[in-house]
Amino acid sequence: ASSSFLRFYLAPKVVYGYVGNKMVTTTLQALGCDVAAINTVNFSNHTGYRQVKGRRTPASEIRELYDGLRQSYLTDFDMLVSGYAPSADVVDVVGFIARDLRYRSTVKPGGFFWILDPVMGDQGRLYVAEEIVPSYKQLVREADLILPNQFEAELLSGVSISSLSGVANAVRTMHKTFGTRHIVVTSVGVGEGKSELLTVVGSTKKSDGSARLFKVEVPKLDCFFSGTGDMFAGLMAARLREACAHADLLARAGWAPDDDVESVDLPLAKATEKVLSSMQIVLEKTLAARDAEMQSFGTSPGASVGGVEGEDGGDSEGKRKYLAQTKA
Ligand code: ATP
Ligand code: PLP
Ligand code: MG
Ligand code: NA
Ligand code: MG
């Protein structure tokens, strides 16, 4: 694929492994997209290794870099993807940049699209400062698409999720409370005990305020992966643009782009299916690579993808060394 569209990323950067901007940039470039990235952190490795060197980028430096783009008119982006922000100040500056990019967008009126991954935590655990949560509750109002995981959807909506109808309820609440048009809850583990499936629930708000929900199930691999949220966001940026272009073509050819028919949420659901299909292939290869590596080192499993965080993390010297990296 090739693309003349420019995409802009605000996410963390690691030297080793594939999470954050390293993951998003690699994914997008593999799909032929041009990428401009500002790193919200510059770390040696994923924090799951338990030891890490490097720095968080101060909000002032992110702002300075953005001002640099502005002074040379390098702000002609048609999409923004924002990920992990290490402080409430950075969350605020992300909001400033998104607003400014939308305002300056010259691609076409309304042609700017902001995908926001409200990275706050996972599996019931908050891994950002508590003050970031209310900041995100403001920010999600301005994004076009948000990609919370189950825990983040619960934090944003205030609805606790223990069933599929709980997810639907949380999604409807987010549409209503924040007005966000598109939502994909990137992974939910609901249902009986150790389910074999991971569920992804997406929704687009119709003009009458109601939600059109869809659900995609994927086989759950027996491994904890890191960087998958970032890969999901990168793939989504590329696939959504394709899906929208396709829906637009259908509409122009007279295929009833009526607000009440399927075509309204079709782009998001189509894009999600494509994203998940790529995820599955990459994760299966990653798992195979991890297993091969573990075997050659004779270590027990417990680690994974783009930098790893096993259940017992990087506790042992051995594990820290071979936390498998994405090979695909
Ligand atoms: P973030 O925390 O970065 O906002 P997230 O927690 O929602 O994102 P993940 O839970 O890692 O991100 O899920 C993103 C996608 O990764 C899922 O939709 C799924 O396709 C894939 N994925 C993650 N873990 C697994 C797994 N164990 N088996 C199969 N697919 C997985
Ligand atoms: N640590 C670093 C440096 C990261 O870049 C990220 C994600 O981008 C994380 C931790 C958390 O990643 P995940 O939730 O995908 O494991
Ligand atoms: Mg997760
Ligand atoms: Na997510
Ligand atoms: Mg994640």
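Here is what the cut-offs are and how they apply
Counting restarts for each chain, with residues numbered from 1 along the sequence as it is written. Chain labels run from A onward and ligand labels from 1 onward, assigned in the order the entries are written. Only residues with pLDDT of at least 70 get local features here, since the model is predicted, and only at 80 or more are side-chain atom pairs given and counted; chain-wide, interface and lining totals rely on the full set of residues. Side-chain descriptors were evaluated using all non-hydrogen atoms of the structure, hydrogens and water having been removed beforehand. The cutoff for a nearby residue is simple: one of its non-hydrogen atoms must lie within 4 Å of the molecule or strand. Under the rule applied, a polar contact is a pair of N or O atoms within 3.5 Å (in protein, one hydrogen donor and one hydrogen acceptor; residues adjacent in sequence only if both atoms are side-chain atoms). Surface accessibility in these figures is a Shrake-Rupley result with a 1.4 Å probe; residues are shielded only by whichever protein chains are displayed. Note on conventions: DSSP H or I runs of at least 4 residues are helices, E runs of at least 2 residues are strands, and numbering of each starts at the N terminus. The residue classification treats Ala, Val, Leu, Ile, Met, Phe, Trp, Tyr, Cys and Pro as nonpolar and Asp, Glu, Lys and Arg as charged. All others, Gly included, are polar. A simple rule labels every residue: compare its accessible area, found with a 1.4 Å probe on the protein chains alone, to the largest value its type can have, and call it buried under 20%, exposed over 50%, or partly exposed in between. Directions are taken from the helix axis to each C-beta atom, and the arc is the one they span. Note on definitions: a residue-residue contact is assigned when non-hydrogen atoms from the two residues lie within 4.5 Å. Counted as salt bridges are all cases of a side-chain nitrogen of Lys or Arg within 4 Å of a carboxyl oxygen of Asp or Glu.

Caption draft 1: Layout of the site of ligand 1. Taken together, the neighbourhood of ligand 1 is formed by 20 residues, with Asp117, Thr186, Ser187, Leu221 and Thr228 sitting nearest. Measuring from an oxygen atom of ligand 1, one finds a side-chain N or O atom of Asn149 at 2.9 Å. Leu221 places a polar main-chain atom, nitrogen or oxygen, 2.8 Å from a nitrogen atom of ligand 1. For ligand 1, whose free accessible area comes to 620 Å², the fraction covered by protein is 91%. Looking at the shell around ligand 1, the elements with two or more residues in it are strand 9 (182–188), strand 10 (197–205), helix 7 (228–252) and helix 8 (266–297). Its residues assigned to classes, the shell around ligand 1 shows 11 nonpolar, 5 polar and 4 charged.

Caption draft 2: Spatial organisation of helix 4 (residues 132–139). Taken together, the buried positions of helix 4 are Ile132, Val133, Ser135, Tyr136 and Leu139. Looking straight down helix 4, one finds that the buried residues subtend no more than 160° of arc, so they occupy a single side. Contacts from the buried residues of helix 4 go to helix 3 (88–104), strand 5 (113–116), strand 7 (125–126) and helix 5 (150–157).

Caption draft 3: Quick look at the pattern of salt bridges. All chains considered together, the criterion is met by 11 salt bridges. In the salt-bridge network here, residues are joined through shared partners; they are Arg63, Asp67, Arg70, Asp100 and Arg104.

Just geometry here; none of it tells us what the structure is for.
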